[in-house]
Amino acid sequence: MTKAQGEQTVEALAARHRRGFTLEQPFYNDPAIFARDLEQIVSRQWLLVDHASRLGKAGDWVTFAVAGESIVLVRGRDGEIRGFFNVCRHRGSRICLTEEGNSRTLTCPYHAWVWNLEGQLQLARGMAADFDRDAWPLHACQVRVWHGLIFVNLAAEGDPEVLPFETLAADCEPYLAREDLGRTRIAARIAYPTHANWKLVLENFQECHHCAPSHPEYTAVHSYVTEEPRDPAGWWERHQSWQGARRAAGLHAEIAAPYDADPRQPHGGWYAPIRPGIDTLSRDGKPLAPLLGSHTAFDGVDTGICLGQFGFAHVCNDHAVLFRFTPRRVDLTDVELIWLVHEDAVEGRDYDRDRLTWLWDITTIEDTKIINDNQAGVNSSRYAPGPYVPAEAYAQAFIDWYVDRIGGQPPQARAATPPARDFRGNVVAAE
Ligand code: FES
Ligand SMILES: [Fe+2]
């Protein structure tokens, strides 16, 4: 398929997409559409990449590959974390060849040109003494560090299709205000390569209609999985009264539906009480690690935060889990989970790694299997778009958002007054 044919196909497919239904097959398995996804969507999002504690001291660096690029994140001598395209300014070699390291300079392995940690060329081996080294810095990549979370954006500065990072941070701030993730460190990170298109991975992540049949452990821990479908109206009433009690205690309690936010990068947050008498997302309900931030006691709340389509967080009183989704190929998505605990917590004394990772590890292993099976079925000659149920409202909203973005719809201004929505993202009442 030529690029022109591919573009026509994408636009034609987007135009005939039926709201409320899954995508047509090529969106899930056509490499030409995947290439468009990378260019039009992934390359313009703030991507949650890592936690700043991984770059503890000057000279620490990590590489992150996405959308055909490799980015080097490095902590400079001034303590700043910067990002550079991992491309030599001499003849284009990769500079950092492994996943992480520590070095005094960034030195290209090919002909040994040398940049400092701030990306300025220090030594251009073989060039005349009057060569203007200042004119050949490494290509900078946009980086933001917020509450210790490192985001990168591949787009050029000032791209109007990119949401200003300050908007994302301001809107999500209330959901992270109490945990102080800037003072945590990485206790575990596990990769779950998933053999499916990134949209199948993210549809799955954004609905819990599959939780009861697919996640016995999550269902046993989180009461809403079974309580909400059994009695949606009663559950929502109880949730609203719980929200009211939180507000009365001076705490933030709102649901900010990600797809009511600026469509350049959906984002938002919500709170869920886990189960009466439960402290955190552990097998026995007991604490997993020392309390985070300003917490002085457990309140049994699971805070969900959508930081864009490729990065989410679930935060409990004593730990946080970051979810990083990276499209690799049309049928391969890297899913990586990062568990954070208080920066002073010591493994073996303050937390047990297996207890800490138990719920999201087993749940993500289960997700990998159901998503792989989903892709296998979608590849069939008999696959056709199927209808979402109301409990899959966020998966549907994600797909509608995707179709608008890939179909070339200009970003709409956000609604001045978003409608009230329930926990699943369904409109519950007019404002
Ligand atoms: S390509 Fe990097 S020094 Fe030559
Ligand atoms: Fe799941």
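Predicted, not measured: the structure shown is a model, and the values here were computed from it.

## Quick notes on the coordination of the iron ion (ligand 2)
Looking at the iron ion (ligand 2), one finds its protein donor set to be His210 (NE2), His215 (NE2), Asp367 (OD) and Asp367 (OD), positioned 2.0 to 2.6 Å from the metal centre. Around the iron ion (ligand 2), the 4 donor atoms are arranged such that angles at the metal cover 55 to 149 degrees; this shape is classified as irregular. Donor residues for the iron ion (ligand 2), ordered by position in the chain, follow H-x4-H-x151-D. Pair noted here: His210 is in the loop between helix H5 (198–205) and helix H6 (211–214) and Asp367 is in helix H10 (residues 353–378), with a separation of 157 residues, a long-range link.

## Description of helix H9 (residues 232–248)
With 17 residues, H9 extends 24 Å from end C-alpha to end C-alpha; this agrees with the ideal 24 Å at 1.5 Å per step. Among the residues of H9, Gly234, Trp235, Trp236, His239, Gln243 and Arg246 are the ones counted as buried. Phi turns positive one or two residues past the end of H9, at Gly250, with a value near 80 degrees.

## Topic: the packing of H5 against helix H11 (residues 393–406)
Packing of H5 against H11 leaves a shortest axis separation of 8 Å and a crossing angle of 145 degrees. Remark: the crossing between H5 and H11 carries right-handed chirality. Contact residues: H5 offers Trp198, Lys199, Leu202 and Glu203, while H11 offers Ala395, Phe398, Ile399 and Tyr402. Split by residue class, the contact of H5 with H11 holds 6 nonpolar, no polar and 2 charged.

## A word on the state of the cysteines
A full pass over the atoms with the stated rule returns 1 disulfide. Two residues, Cys208 and Cys211, share a disulfide whose sulfurs are 1.9 Å apart. Judged by the sign of its S-S torsion, about -110 degrees, the bond between Cys208 and Cys211 is left-handed. Considering cysteine sulfurs only, Cys208 is the nearest to Cys316, which forms no disulfide, with 14 Å between them.

## Overview of the domain arrangement of the protein chain
For the protein chain, the domain assignment lists domain 1 (47–146) and domain 2 (165–429). A separation of 33 Å is found between the C-alpha centroids of domain 1 and domain 2. Of the roughly 1400 Å² buried at the junction of domain 1 and domain 2 (both faces included), carbon and sulfur atoms supply 67%. Looking only at domain 1, the three residues that lose the most surface to domain 2 are Leu48, His51 and Trp146, adding up to 52% of its buried area. Counting across the interface, domain 1 meets domain 2 through 2 salt bridges. Glu166 serves as the salt-bridge partner of Arg144, at 3.8 Å between the closest nitrogen and oxygen. Counting across the interface, domain 1 meets domain 2 through 7 residue pairs in polar contact (both at pLDDT 80 or more). Those elements that provide at least two residues to the side of domain 1 that touches domain 2 are strand S1 (47–51), strand S2 (60–66) and strand S9 (140–146). Sorting elements by how many residues they give to the side of domain 1 that touches domain 2 places S1 first, with 5 residues. Partitioned by chemical class, the residues of the side of domain 1 that touches domain 2 number 7 nonpolar, 2 polar and 3 charged.

## Re the side chain of His210
On the basis of relative accessibility, which here comes to 10%, the residue His210 falls in the buried class. Look past the residues within four positions of His210 in its chain and what remains in contact with it is Asn204, His215, Asp367 and Ile370.

Calculation rules
- Residues numbered from 1 in each chain as written.
- Chains lettered and ligands numbered in written order.
- Predicted model: local features only at pLDDT ≥ 70, side-chain atom pairs only at ≥ 80, totals over all residues.
- Heavy atoms only, no water.
- Donors = N, O, S within 2.8 Å, 3.2 Å for Na, K, Ca; no water.
- Tetrahedral: all angles 85-135°; square planar, octahedral: opposite > 155°, others 65-115°.
- Helix = DSSP H or I, 4+ residues; strand = E, 2+ residues; numbered from the N terminus.
- Expected span 1.5 Å × (residues − 1).
- Buried < 20%, exposed > 50% of the residue type's maximum accessible area, 1.4 Å probe, protein only.
- Axes fitted to C-alpha atoms, helices over the stretch in contact; angles between N-to-C directions.
- Left-handed = near helix turned anticlockwise from the far one by under 90°.
- Contact = heavy atoms within 4.5 Å.
- Nonpolar A, V, L, I, M, F, W, Y, C, P; charged D, E, K, R; others polar.
- Disulfide = S-S within 2.5 Å.
- Domains from an automatic or database assignment.
- Buried area = accessible area lost by both parts, 1.4 Å probe.
- Salt bridge = Lys/Arg side-chain N within 4 Å of Asp/Glu carboxyl O.
- Polar contact = N/O pair within 3.5 Å; in protein donor to acceptor, adjacent residues only side chain to side chain.

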